[in-house]
Amino acid sequence: MFYYRRGNSYTSLIHDTKYRGRPKVGSHLAALHAEDLSSAGFFNGIDLLVPVPLHFLKKLKRGYNQAEEIANGLSSVCGLPVINALKASYHRSQTRKDAHSRLQNTLGVYSVEEPQLIENRHILLVDDVITTGSTILACAQAIRDASPTTEISVYSLAATHLE
């Protein structure tokens, strides 16, 4: 939906969603974006929305998973079910890590507990921000390892702009 840059007013909306206890901001933005995407056929052929998970202690502390809130916003418009197919083991925050450290930090973190939920399906992997792509890649690898027949597409509200 937008680029994630320091000082950008849109970036503040991601921070509201992720760190300031306002998960409905992300849900609302995703629903608005989904209206445009739906009319363009973006969701055609997709079966399920799968949010990037948080470790249960992080979710307990935050009170919600921002990626799940975003997936719910998308679902409210496109009608696709949200399935929590991925599980996260504990890992340190990605914030303030460089690309290499982010990649190392996500290795082996994600797993699929019930591969039959996603087998032979086309899923949309949902996150709030793609910075280096390490989290999305680690999730996609876990999905591919557990269910090679699953087709994977990706959605995020924001992405860093590579210059």
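Worth saying up front: this structure is predicted, and the values here are computed from it rather than measured.

(A) Quick peek at the environment of Arg5. Position of Arg5 among the secondary structure elements: in the loop between β1 (2-3) and α1 (9-18). Using a relative accessible area of 36% as the deciding quantity, one classes Arg5 as partly exposed. Distance from Arg5 to Thr160, taken between C-alpha atoms, is 6.4 Å for residues 155 residues apart in sequence.

(B) Just the packing of α1 against helix α2 (residues 23-39), in detail. At their nearest, the axes of α1 and α2 sit 6 Å apart, and the two run at 125 degrees to each other. With respect to α2, the element α1 is oriented oblique. Touching Leu13, Asp16 and Thr17 of α1 are Pro23, Val25, Gly26 and Leu29, all from α2. Residues of the contact of α1 with α2, tallied by class, amount to four nonpolar, two polar and one charged.

(C) Molecular detail of the nonpolar core. The biggest cluster of nonpolar side chains holds 20 residues, and the ones touching the most others in it are Phe43, Leu49, Leu74, Leu124, Val126, Tyr155 and Leu157. Of the residues forming this core, the biggest block, five residues, is contributed by α2.

(D) How the structure looks around the pairing of strand β2 (residues 48-51). Residues Leu48 and Val50 point to one face of β2 and Leu49 and Pro51 to the other, with burial holding for every one of them. The pairing of β2 with strand β5 (residues 122-130) spans four bridges and is classified as parallel. Across the sheet, Leu49 pairs through a bridge with Leu124, a residue of β5.

How each quantity is defined
- Residues numbered from 1 in each chain as written.
- Predicted model: local features only at pLDDT ≥ 70, side-chain atom pairs only at ≥ 80, totals over all residues.
- Heavy atoms only, no water.
- Helix = DSSP H or I, 4+ residues; strand = E, 2+ residues; numbered from the N terminus.
- Buried < 20%, exposed > 50% of the residue type's maximum accessible area, 1.4 Å probe, protein only.
- Axes fitted to C-alpha atoms, helices over the stretch in contact; angles between N-to-C directions.
- Parallel < 35°, antiparallel > 145°, perpendicular 65-115°, else oblique.
- Contact = heavy atoms within 4.5 Å.
- Nonpolar A, V, L, I, M, F, W, Y, C, P; charged D, E, K, R; others polar.
- Core = buried A, V, L, I, M, F, W, Y, C linked by side-chain atoms within 4.5 Å.
- Pairing = 2+ DSSP bridges.

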